[in-house]
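Each chain, written out:
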Amino acid sequence: MIQPRIQQHNKSPMSSLRSFIKSVRKAKTIADERSAVRKESAAIRTAFRDAQLDNNSRRINISKLVYLYIIGEKTHFGQVECLKLLASPRFADKRLGYLATSLLLDENHEVLTLLTNSLDNDMQHPNAFIVALALCCLGNVASPELSRDLYTNVDKIIGSSNAYLRKKALFVAAKLVHKDPDLAEVFAPRLQHLVADKSAGPLLGALRLVQSVYEYSPAHRPELVALIPAVVSHLKRVAASGYMPDYDVHGIVDPFLQVSLLSTIRILAQDDPHQYLEQINDILTQVASNDPGKNSAHAVLYECVKTIFAIPSDQSLRILAVNLLGKFLSSKDNNTRYVALDTLLTVVPHEPVAVQRHRQTIVACLNDGDISIRRRALELSFAILNENNIRVLVREILSYLESSPDSDLKPFVTAQLTVAAARYAPNEKWHFDTMIRMLKTAGNYVTADIISNILALIIQCKDTDLKKHIVGRLLSLCLEDDTQFGLAMVCVWVIGEDSDLILGGPIDNSGTESEPNSRGSLIPVTEELILSLLERLVNNTTYSDSETVHLVSYVLTAAIKLSVKFTEPSSIEKLRLIINERTHDNNLEIQVRAVEYQEIFALEPSLKKGLLSKMPPPPVKQREALSLKGTKKSDDTKTVSSGSLNTTEDLLLDLMDEPKAERNNDLLSSIFNKPENGSKTSHSANNAANSASKSANILDLFETKAPAPSSVSVPSVPPAFSNSSIAVAFIPQVTSPGNASIEALVTSNTASPITQFQLMVAVPKSQKLTISSTSGDTLTSENPIVQHLKVSGKEGAKVKFRVKAKYNVGGSFQEEMFDVAGITTL
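Everything numeric in this text was worked out from a predicted model, so none of it was measured. (Residues numbered from 1 in each chain as written. Predicted model: local features only at pLDDT ≥ 70, side-chain atom pairs only at ≥ 80, totals over all residues. Heavy atoms only, no water.)

### Description of the overall build of the protein
Within the protein one finds 36 helices and 14 strands. For the protein, buried positions account for 49% of its 826 residues. In the protein, the proportion of contacts linking residues at least 24 apart, taken out of those at least 6 apart, comes to 67%. (Helix = DSSP H or I, 4+ residues; strand = E, 2+ residues; numbered from the N terminus. Buried < 20%, exposed > 50% of the residue type's maximum accessible area, 1.4 Å probe, protein only. Contact = heavy atoms within 4.5 Å.)

In structure tokens:
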């Protein structure tokens, strides 16, 4: 009666693994594939519920389960059945059972506790292959509990006479030490004997155990370092041995063992054991002197190079290692070249001169067909840049930038070029020519902070002839190509500021030092030429919406600036029309700016000249080098001057028109949240807010202040308020009748840094207060915070303040409020 039941189970929807795979592959849609998988999964569940399921059917179903795992389907319902299959005495069942267990289970599954007995029995089995299956499974799914339960079995197998089993047991022992470092006490005493074994397989396992014990049990490191002579001896023996058919791979004797020996030397010698350095250097020189051949030889030499730079090896040996990597770069195999480039990146800090010798090969990799190689070649090219090769390498990088199809790499290249040119530029003209060529080539991939830096550098330039060259070059390039956003932004800004340098004269379009082969001619610069460019840019439809808003804002600013530089009435009228056309723009920011500029346009010329004068030079934010591997090598940006970032942005007049949170002019209204005279103080707060808002009118768009000084000398003025964290003093400045100028000086009384500092001030309703922005929001003992206050009112009246200070010190937010009177009179 049992036979028909067995036949019934064998009649699953797909009786074999082959038919199941065919049905999944034949599915034309995802729905069909899901249907086949669900149908077979249901059949497997049904079969597993049968208490009398035979091992043959169980094996077929578990093989299907493994296939389900491979294609990413759920397999948790068959985990216990895998363990049941291990109880079969047949080798075929155990082989599939251990394979499925290794794949479907890990150390976090509770069902793993049921595996201990099967592993214990099979590791004592007389069949060596079944013992090997159990060892492999234990190495894959070992948990700390399993490690402690079964380490004695592994220890016994290590002492076996079967080299095949010893090798596997040693690898498993290394995994057990990883899971439970206390087990190093069991295996460490045997390492000296194990490392002396000359059999390739057991020696490979012993080396892995040495590495594991060294990593997870620091207490045993001194005795492991003493094994270096034995490891070096093995490496000498293997490197000098002749042809061994059992271990030969493309003419290299046992490259796997050689790599393991070299990595073990690297690990053990990293603690600078001087007594063994001479032996190590000798064997590394011997290995590195072998001519590179096939991939197996490259693997050994690569490991040798890593070892040379990981230990305090000789200078000559390091140069030999760099030359080996240079040979790798000449290989036709992409993997070998990628490894060479990646390794040279780590070698550059140690041997920059030796790496420089392979500059031409590195630059040639920029044109490789593999994008991974181009990425690493780019990083390496920037890594070897210095003042001696900056001209040659930048020329090659710019050529790559012009012809490269890798749009995702261009922001990285432009950022790195900016850093390199600022650091190693041989002269100012070369620096500006390089930046301009970069804008011409990749202007759409230049970030806002780079454009801001370029503008700041141009503003800071004091050489009139050089600035004339810069303006002319930007204008000629933008006339040729107005599709590069960065180039258009910089060009429009410079035209608005310095077009008077080139108006009426010709500009030379004969090329630059960075671009020597460009054909050139003399272009006469007229007001009509500049107007035509502005009209093209303001009506350009190739940019995105956000880019269009930025560019149109720049064009409007340039137009209002040019209104005091142009002399032809027709040209001035065209400038007015450009501004008027944007007073009804769909974008509110453009519309507001156009309306404000329209009002300025109608002012008297003498008044406009003062309003539209050139801005003072701002500080330049210094960029740091980036990495293509996803992490930055240092902070994004930092300001050269000690002034705050807000000061820099104000001085640049929002060059990039980035949206900023508006200043909350009603902050002062919260100062008197516990007033004695609510109406009076509330009215004072409103006056202060109104005054602050008036100070931000359209005239302030062109009134800029000098940057805050990098250091402030604290005068001998008694503080108006002081506690354990801060001290606030008010210093009267030059005073005219009815007006007072006061400097608020905030100093630190604690060693802890004070962050998020805010100083809010209110005056009585009979006086008006204008507050400037603070010099920063971080207060330290070396850098106090300065804020300028202007008070106006009835002549002879006394100046009175109510002040609130908010700040964060030591992770705790503090708030202090105090009154100030008698500082000065109006």
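So much for the structure itself; the text now carries on.
### What to know about the sheet that holds strand 13 (residues 798-809)
Spatially, 10-13-14 is the arrangement adopted by the three strands of the open sheet, whose pairing is antiparallel. Each edge of the sheet is formed by a strand with only one pairing partner; in this case those strands are strand 10 (754-762) and strand 14 (812-825). Within the sheet, the average angular offset between the axes of one strand and its neighbour, ignoring direction, is 20°. Both strand 13 and strand 14 contribute to a ladder of eleven bridges, which runs antiparallel. Residue Lys-804 lies in a different strand from strand 14, and its bridge partner there is Met-817. (Pairing = 2+ DSSP bridges. Axes fitted to C-alpha atoms, helices over the stretch in contact; angles between N-to-C directions.)

### Focus: the packing of aromatic side chains
One pass over the structure, following the stated rule, counts eight aromatic pairs. With 5.5 Å between their ring centres and 80° between their planes, Phe-20 and Tyr-67 make a pair best called edge-to-face. Of this pair, Phe-20 sits in helix 2 (residues 17-26) while Tyr-67 sits in helix 4 (residues 55-70), and the two are 47 residues apart along the sequence. What makes Phe-20 buried here is its relative accessible area of 0%. Overall, the relative accessible area of 14% leaves Tyr-67 in the buried class. Considering the side-chain rings of Phe-485 and Tyr-543, the 5.7 Å spacing of their centres and the 70° angle between planes classify their relative orientation as edge-to-face. One end of the pair, Phe-485, is in helix 29 (residues 485-498); the other, Tyr-543, is in the loop between helix 30 (527-538) and helix 31 (545-562), and 58 residues separate them in sequence. Tyr-543 matches Phe-485 in its accessibility class, with the two residues each being buried. (Phe/Tyr/Trp six-rings, centres within 6.5 Å; stacked < 30°, edge-to-face > 60°.)

### Digging into the environment of Thr-548
Relative to the helices and strands, Thr-548 resides in helix 31. Taking the C-alpha atoms as reference points, Thr-548 and Val-538, ten residues apart in sequence, are found 8.0 Å from one another.

### Quick look at the sheet that holds strand 9 (residues 739-748)
What the five strands build is an open sheet, ordered 7-8-9-12-11; its pairing is antiparallel. The open sheet is flanked by strand 7 (721-722) and strand 11 (768-771), the only strands paired with a single partner. Note: strand 9 against strand 12 (residues 785-792), eight bridges, orientation antiparallel. In the sheet register, Val-746 faces strand 12, and the bridge partner there is Ile-785.

### Some remarks on the nonpolar core
If you look at the biggest cluster of nonpolar residues, it comprises 182 residues, and the most contacted ones within it are Leu-119, Leu-138, Val-154 and Leu-209. Residue contacts for Leu-119: discarding those within four places in its chain leaves Tyr-98, Ala-134, Cys-137, Leu-138, Leu-146 and Leu-150. Core analysis: the second largest hydrophobic core is formed by 27 residues, Ala-740, Ile-742, Leu-759 and Leu-779 among them. (Core = buried A, V, L, I, M, F, W, Y, C linked by side-chain atoms within 4.5 Å.)

### Considering a nonpolar patch on the surface
Together, Tyr-69, Ile-70, Ile-71, Leu-99 and Leu-103 give the surface a local cluster of nonpolar side chains, amounting to about 430 Å² of exposed area. Secondary structure elements with two or more residues in the nonpolar patch: helix 4 and helix 6 (91-104). (Patch = residues over 30% accessible without salt bridge, like charges linked within 9 Å, V, L, I, M, F, W, Y side chains within 5 Å. Areas by Shrake-Rupley, 256 points an atom, 1.4 Å probe, with all protein chains shown as cover. Salt bridge = Lys/Arg side-chain N within 4 Å of Asp/Glu carboxyl O.)

### Considerations on the packing of helix 28 (residues 464-480) against helix 30
Viewed as axis vectors pointing N to C, helix 28 and helix 30 meet at an angle of 50°, and their least axial separation amounts to 11 Å. Compared by their axis directions, helix 28 and helix 30 come out oblique. Helix-helix and strand crossings are classified by hand; for helix 28 and helix 30 the assignment is left-handed. Touching Leu-475, Cys-478 and Leu-479 of helix 28 are Leu-529, Leu-533, Arg-536 and Leu-537, all from helix 30. Residues belonging to the contact of helix 28 with helix 30 are distributed by class as follows: six nonpolar, no polar and one charged. (Parallel < 35°, antiparallel > 145°, perpendicular 65-115°, else oblique. Left-handed = near helix turned anticlockwise from the far one by under 90°. Nonpolar A, V, L, I, M, F, W, Y, C, P; charged D, E, K, R; others polar.)

### A short note on helix 5 (residues 79-86)
Summarising burial for helix 5: six of the eight residues are buried, a large majority. Considering only its buried residues, helix 5 is in contact with helix 3 (30-48), helix 4, helix 6 and helix 7 (115-122).

### Remarks on the environment of Val-37
Looking at the secondary structure, you find Val-37 in helix 3. When its relative accessible area of 4% is taken as the criterion, Val-37 is described as buried. Setting aside its immediate chain neighbours within four residues, Val-37 contacts Val-24, Leu-68, Ile-71 and Glu-73.

### A look at helix 32 (residues 569-581)
Look at helix 32: 18 Å from first C-alpha to last across 13 residues, which is about the 18 Å you get at 1.5 Å a residue. Those residues of helix 32 not exposed but buried are Ser-571, Leu-575, Ile-578, Ile-579 and Asn-580. Packing partners of the buried residues in helix 32 comprise helix 30, helix 31 and helix 33 (588-601). (Expected span 1.5 Å × (residues − 1).)

### Considering unusual backbone geometry
When glycine is set aside, most residues are seen to have a negative phi, and most peptide bonds are trans. For His-250, which is not glycine, the phi torsion reads 55° and is therefore positive. Within the secondary structure layout, His-250 lies in the loop between strand 1 (248-249) and strand 2 (252-253). Notably, Gln-756 is not glycine yet its phi reads approximately 55°, a positive angle. Its place among the elements puts Gln-756 in strand 10. Its relative accessible area of 48% is what places Gln-756 among the partly exposed residues.

### Some details on the pattern of salt bridges
Following the criterion strictly, the structure yields 26 salt bridges and no others. Residue Lys-64 is joined to Glu-40 by a salt bridge in which the shortest nitrogen-to-oxygen separation is 2.8 Å. Here Glu-40 lies in helix 3 and Lys-64 lies in helix 4, a separation of 24 residues in the sequence. Like Glu-40, Lys-64 is buried. In this structure, Asp-342 and Arg-376 form a salt bridge, with 3.1 Å as the shortest nitrogen-oxygen distance. With Asp-342 in helix 20 (residues 334-347) and Arg-376 in helix 23 (residues 371-383), the pair connects residues that are 34 residues apart, well separated along the chain. According to the relative accessible area criterion, Asp-342 is partly exposed, its value standing at 24%. Accessibility expressed as a relative area gives 9% for Arg-376, which makes it buried. Within this structure, Arg-58, Glu-81 and Lys-84 form a network of salt bridges that share partners.

### Looking at the confidence of the model for the protein
Averaged over the protein, the pLDDT score is 81; the fraction of residues at 70 or greater is 84%. A low-confidence stretch, residues 1-14 stays under pLDDT 50, and its non-local contacts, those more than four residues away or across chains, total 18 contacts. Below pLDDT 50 for its whole length, residues 630-715 participates in 139 contacts with residues either more than four positions away or in separate chains. (pLDDT = per-residue confidence, 0-100.)

### Concerning the side chain of Thr-824
Its location among the elements puts Thr-824 in strand 14. Sequence-distant contacts of Thr-824, that is, excluding residues within four places in its chain, are made with Pro-732, Ala-740, Ile-742, Ala-797, Lys-798 and Val-799.

### Quick look at the environment of Ser-88
Looking at the element boundaries, Ser-88 is found in the loop between helix 5 and helix 6. Every residue in contact with Ser-88, bar those within four places of it in the chain, is listed here: Asn-55, Asp-93 and Lys-94. At 3.3 Å, the side chain of Ser-88 and the backbone nitrogen of Arg-90 are in polar contact. (Polar contact = N/O pair within 3.5 Å; in protein donor to acceptor, adjacent residues only side chain to side chain.)

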